[in-house]
Amino acid sequence: MRLTFAWPARPPSSHHHAATIVLMDETDLAQLPPYANIDFKSLAKTDPAFKTLWQKSSGHLDFQDPSTTVTLSKAILKTDFDLSLDVPDDRLCPPIPNRWNYVSWIQSLIDSTSPNYTSTYDPDRLVTGLDIGTGASAIYTMLCLQTRPKWTMCATDIDKKSFDSAIRNLTINGLVTRTKMLQTIPENPLIPFQHLGVGKLDFTVCNPPFFTSLTDMRASLQGEGKSAKPNAICTGAEVEMLCQGGDLGFVSRMVEESLLLREKVTWYTSMLGKLESAKAIITLLKSHGIENRAVGVVEVGTAATKRWVVAWSFGDLRPPQSVARFERIANEFLPFPTEYRIELPEGYDGDAVMVIDRLLSSLDLKWTWDGERMVGVGEAAQVVWNRAYRREHERKKKEAALAGDRDRDTQMHGQDEMKVALAFRVSIDKAQRVVVIEWLKGRDRVIWESFCGMLHRVFKK
Ligand SMILES: C[S@@+](CC[C@H](N)C(=O)[O-])C[C@H]1O[C@@H](n2cnc3c(N)ncnc32)[C@H](O)[C@@H]1O
C-alpha cells in the first residue's frame, strides 16, 4: 500500500508491490521503508472494514470522526504488520504511518551504528529498547518487536488504564513475553533502570505528552500558528497529552537523566511536537557538550503534521549523514558531518583504488579492503599519518626486520586490544569519480578532520 518512499537510501523491498495481497516474509518485515503516503484504494481492497468506510466516504475520509482513525489504524496495522489493535475509546489511537516512520528511523540509527561497522541490518543482533510512555496501544513496542525478531523491549506508563490496555495489545499479538512492562509514577525517573532490571539499553523511543495545559492543547488542535488545521481528531486523554513543561519539559528531563546514565543507553531518542522544541533540546545538548547527535523528521505526505526526532549518544559510534542530519534545519542545529567526499580532479588519471589501498596499508592502522566492492574499513589508535609518526613507524619496522624478530611486531595493528580513536570507511565510486569517507567511530573531531585532510591532499597532488 506504499506509493513512494521517503528515503531512497534504503532499497524498496518487494513489499512495495505486494503488501496488500501477499503475506510478508521475515526479511521484508525487518526492513520496511518509511511511509511517504497512504494508498487508501489498495487498503480498501485488503481490509473489509476499511473498504466499507472508504465506500461510504466516496473518497473523502472524515478524520474529525474518531472511528475513521481507529478503522484506518487497525487496517494498516493488520495489512502491513499483521498486528491487531484494541484501544479504549478514551485513549489515543495512534496514526500508524507516523509511528512507523519513527521506528524505521530508529532501525536505521541502530543498524548503522553497529560495533562491527556493518551498517546493514543484522538479524542476529540482540537489541533492547525502552518505550517511555507506551500508551494504550503499546504501538512503538509492537512495531519494534514485530519487525525485528531478535529485539526485546521495556515499556513504561503512569496511566493504569493505558498500561492495562498496552498489556492486552501485546498479549493478543503474542509479544508480551518479549516485553518488560513497568507501571511507573511521575516522580520516578523516565528511564527507571532500578525498576527495569536491565543493565543496558540500546535505545529509548518516546512520544511525550506535548502540551503544558488544556488551553495550550486546544489552541494547537485548532490549528493556531499553523497554516492548516490538523486533519485528524485527537482522542487523547489529559494524562496522554499534558505534562509539566510539555514535550520540551519531558525531553529536558530525559537529557538531565542521560547526563548521569551516560553510556548505559546507547541512543537516547524522543519525538518532539514542534521544531522550536527540537531546537531547544539540541541547544541543551550542545550546552552539555553532547555532540554525537542525530536529528530526524517524521512526516507522511506533504500536507501532514511534521514531527521531529532528536537522538543523542555518549558513545563513540557515529551514524551516517543520511540518518543523522536533517538538512532542512539551520546548520547550527545539525551535528558535525560524518561524511567527506573527495571529487577526483578533472584530468585525474591515476588509479584511486590502488592509491588509497597502498597508502592506508602503509600506515600504522588496521585496514581491510574489499577490492570487489571498492570499500575498505580502517581503525587507528591516534593520528598515524603525520610525518613524524610515519618516520618513526618506518624506523621501528626496519629495526624489527633487521633484528629478524617477527614476534616483536611494533605495528599497532598487531595488537588486538587497540583503543580505537578513529574508525572510518572509504569507498570509491569510479563512475561518479568520487571518494567517500565516512566517520564510523571516535570522539575526536580533530582526528577525523585531519584524516579527511590527509586523503584530500593525496588527490589534490
Ligand atoms: C502522547 S502519549 C503517547 C502514547 C504512545 N506512545 C503513542 O505514541 O501513541 C504519552 C504517554 O506518556 C505517558 N506518560 C506521561 N508521563 C509519563 C511518565 N513520567 N513516565 C512514563 N509515561 C508517562 C502517558 O500516560 C501517555 O500514555
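Note that the structure is predicted; figures quoted are calculated from it, not measured.

Regarding the UniProt feature "binding site: S-adenosyl-L-methionine" (unreviewed entry) in the protein
For step 1, the next point in the chain: In this numbering, the UniProt entry assigns the feature "binding site: S-adenosyl-L-methionine" (unreviewed entry) to Arg 99, Gly 133, Asp 157 and Asn 207.
For step 2, the next point in the chain: In this fold, Arg 99 is placed in helix α6 (residues 96-112).
For step 3, the next point in the chain: By C-beta crowding, Arg 99 is classed as buried, having 26 other C-beta atoms within 10 Å.
For step 4, the next point in the chain: Once residues within four sequence positions are removed from consideration, Arg 99 is found in contact with Pro 94, Ile 139, Tyr 140 and Leu 143.

Considerations on the sheet that holds strand β3 (residues 179-183)
For step 1, the next point in the chain: If you walk across this open sheet you meet the seven strands as β3-β2-β1-β4-β5-β7-β6, and the pairing is mixed. Since the sheet does not close on itself, it has two edges, and those belong to β3 and β6 (292-298), each with one partner. With direction set aside, neighbouring strand axes in the sheet form an average angle of 15°.
For step 2, the next point in the chain: Its contacts with the sheet put helix α7 (residues 139-147) on β1 (127-132), β2 (151-157), β3 and β4 (201-206), and the angle it makes with β2 is roughly 175°.

Observations concerning the environment of Leu 201
For step 1, the next point in the chain: Checked against the element boundaries, Leu 201 lands in strand β4.
For step 2, the next point in the chain: A C-alpha to C-alpha distance of 7.1 Å links Leu 201 and Leu 130, two positions 71 residues apart in sequence.
For step 3, the next point in the chain: Not counting chain neighbours up to four residues away, the residues in contact with Leu 201 comprise Thr 128, Gly 129, Leu 130, Lys 264 and Val 265.

Side note on the sheet that holds strand β11 (residues 422-429)
For step 1, the next point in the chain: Here we have five strands laid out as an open sheet, ordered β8-β12-β11-β10-β9, and antiparallel in their pairing. Where the open sheet ends on each side, the last strands, each with one partner, are β8 (339-343) and β9 (366-370). For this sheet, the mean inter-axis angle between neighbouring strands, taken without regard to orientation, is 15°.
For step 2, the next point in the chain: Of the pairings in the sheet, the one linking β9 to strand β10 (residues 375-380) comprises five bridges and is antiparallel in character. Bridge pairing in β10 places Trp 367 opposite Gly 378.
For step 3, the next point in the chain: Of the strands in this sheet, β9, β10, β11 and β12 (434-441) are in contact with helix α15 (residues 352-362), which crosses β11 at around 160°.

With respect to the packing of helix α12 (residues 246-261) against helix α13 (residues 275-287)
For step 1, the next point in the chain: The contact between α12 and α13 brings their axes to 10 Å, and the two run at 25°. What the angle tells us is that α12 and α13 run roughly parallel. Of the two possible hands of crossing, α12 and α13 adopt the one that is right-handed. Residue-level inspection shows Asp 247, Leu 248, Val 251, Ser 252 and Val 255 of α12 in contact with α13, the latter providing Ser 277, Ala 280, Ile 281, Leu 284 and Leu 285.
For step 2, the next point in the chain: Looking at the contact of α12 with α13, its residues break down into seven nonpolar, two polar and one charged.

Looking at helix α8 (residues 160-172)
For step 1, the next point in the chain: With 13 residues, α8 ought to run about 18 Å at 1.5 Å a step, and its terminal C-alpha atoms sit 18 Å apart, in line with that.
For step 2, the next point in the chain: All of the buried residues in α8 are Ser 162, Phe 163, Ser 165, Ala 166, Asn 169 and Leu 170. Take α8 and look down its axis: the buried residues cluster within an arc of 165°, on one side only.
For step 3, the next point in the chain: Backbone geometry just after α8 places Gly 174 at a positive phi near 65°.

Regarding the nonpolar core
For step 1, the next point in the chain: Tyr 102, Ile 106, Leu 109, Leu 143, Val 309, Val 310 and Ala 311 are the most contacted members of the largest nonpolar core, which has 75 residues in total.
For step 2, the next point in the chain: If you tally residues by element for this core, the top one is α6, at eight residues.
For step 3, the next point in the chain: Those residues within four positions of Ile 106 in sequence are excluded, and the remaining contacts are Phe 203, Val 205 and Thr 269.
For step 4, the next point in the chain: Core analysis: the second largest hydrophobic core is formed by 22 residues, Ile 356, Ile 437, Leu 440 and Phe 451 among them.

A short note on the domain arrangement of the protein
The parts lose accessible area when they come together, and the size of an interface is often stated as this lost area.
For step 1, the next point in the chain: What the domain assignment reports for the protein is domain 1 (15-333) and domain 2 (339-460).
For step 2, the next point in the chain: The gap between the C-alpha centroids of domain 1 and domain 2 is 39 Å.
For step 3, the next point in the chain: Counting residues at the interface gives six residues for domain 1 and 10 residues for domain 2.
For step 4, the next point in the chain: Classifying every residue of the side of domain 1 that touches domain 2 by side-chain character gives three nonpolar, one polar and two charged.

Some thoughts on α12
For step 1, the next point in the chain: For α12, spanning 16 residues, the distance from its first C-alpha to its last is 23 Å, which sits close to the expected 22 Å at 1.5 Å a residue.
For step 2, the next point in the chain: Taken together, the buried positions of α12 are Gly 246, Asp 247, Leu 248, Phe 250, Val 251, Met 254 and Ser 258.
For step 3, the next point in the chain: Just past α12, the residue Arg 262 takes up positive phi, approximately 45°.

Section: the pairing of β4
For step 1, the next point in the chain: The buried fraction of β4 is high, at five of six residues.
For step 2, the next point in the chain: Of the strand pairs in this sheet, β1 and β4 are connected by four bridges, and their pairing is parallel. Of the residues in β4, the one forming a bridge with Ile 132 is Cys 206.
For step 3, the next point in the chain: As paired elements, β4 and strand β5 (residues 265-272) share two bridges and run parallel to each other. Bridge pairing links Leu 201 to Val 265 in β5.

Conventions used here
- Residues numbered from 1 in each chain as written.
- Predicted model: local features only at pLDDT ≥ 70, side-chain atom pairs only at ≥ 80, totals over all residues.
- UniProt positions renumbered as here; feature names shortened; annotations may be inferred.
- Helix = DSSP H or I, 4+ residues; strand = E, 2+ residues; numbered from the N terminus.
- Buried ≥ 20, exposed ≤ 12 C-beta atoms within 10 Å, placed from the backbone.
- Contact = placed C-beta atoms within 7 Å.
- Pairing = 2+ DSSP bridges.
- Axes fitted to C-alpha atoms, helices over the stretch in contact; angles between N-to-C directions.
- Parallel < 35°, antiparallel > 145°, perpendicular 65-115°, else oblique.
- Left-handed = near helix turned anticlockwise from the far one by under 90°.
- Nonpolar A, V, L, I, M, F, W, Y, C, P; charged D, E, K, R; others polar.
- Expected span 1.5 Å × (residues − 1).
- Arc of directions from axis to C-beta.
- Core = buried A, V, L, I, M, F, W, Y, C linked by C-beta atoms within 7 Å.
- Domains from an automatic or database assignment.

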